[in-house]
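# A look at the structure
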There are 2 protein chains.
Amino acid sequence: MAEKLSDTVIQEQVDQLGSWRLQGNMISKIFQFSSFPAAVAFVTHVAFLAEAAGHHPDVDIRYNKVMLVLTTHDAGGLTQKDFSLAAQVDEILG
Amino acid sequence: MAEKLSDTVIQEQVDQLGSWRLQGNMISKIFQFSSFPAAVAFVTHVAFLAEAAGHHPDVDIRYNKVMLVLTTHDAGGLTQKDFSLAAQVDEILG
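Heads up: these notes are all about the structure in this document. (Residues numbered from 1 in each chain as written. Chains lettered and ligands numbered in written order. Predicted model: local features only at pLDDT ≥ 70, side-chain atom pairs only at ≥ 80, totals over all residues. Heavy atoms only, no water.)

## Notes on the nonpolar core
Counting 54 residues, the largest nonpolar core has Trp-20, Ile-27 and Leu-68 of chain A together with Trp-20, Ile-27 and Leu-68 of chain B as its most contacted members. When sequence neighbours within four positions are dropped, the list of residues in contact with Ile-27 of chain A reads Val-14, Leu-17, Trp-20, Arg-21, Leu-22, Leu-68, Val-69, Leu-70, Leu-78, Asp-82, Phe-83 and Ala-86 of chain A. (Core = buried A, V, L, I, M, F, W, Y, C linked by side-chain atoms within 4.5 Å. Buried < 20%, exposed > 50% of the residue type's maximum accessible area, 1.4 Å probe, protein only. Contact = heavy atoms within 4.5 Å.)

## Remarks on the pairing of strand S2 (residues 26-32) of chain A
Residues and elements named next belong to chain A. Pairing geometry for strand S1 (residues 21-23) and S2, over three bridges, is antiparallel. Of the residues in S2, the one forming a bridge with Arg-21 is Ser-28. The loop that links S1 with its antiparallel partner S2 comprises two residues; one of these, Gly-24, has a positive phi angle of about 60°. In the sheet, S2 pairs with strand S4 (residues 65-70) via six bridges, with the strands oriented antiparallel. Within S4, the residue paired with Ile-27 across the bridge is Leu-70. (Pairing = 2+ DSSP bridges. Helix = DSSP H or I, 4+ residues; strand = E, 2+ residues; numbered from the N terminus.)

Shown next, in the form of structure tokens:
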């Protein structure tokens, strides 16, 4: 099982990602697209990565905007799994 | 533009749908699936209907659960577009 990261390591990882927001025990990011279909296509792409990683973000779709929220419920906070998936998601958009 | 429905008509339509919850100016429903991929596949199917209708629900994915929320922002409340899309969505699941 992934271990909960220390506050210091979490801050380092958040800084490294650059564009995710730290909110308590979670990291989140809002992605904006040109259209609703583009937003849904992105969610589908994220879903493939999430399922492969066995780690599933909360996903909120608001027309052309998608909010992803990551945390590791089993560990009671942020783990390496969250930051790995966040980095993979960012790679989708190049 | 679709016109906002009266409270009486709204209640009739909600009763007719049977499984959507009326919350103020919105109707919502939570759909549960056997897996995350099944939930995402459902969202993709909903997205095709939504795009064809030019009417887009708010979508929240929580692992194997999907919450859809419908309202017509332009009309400031519920219109026939919301109930039509809700009925179409219900048909996905047969």
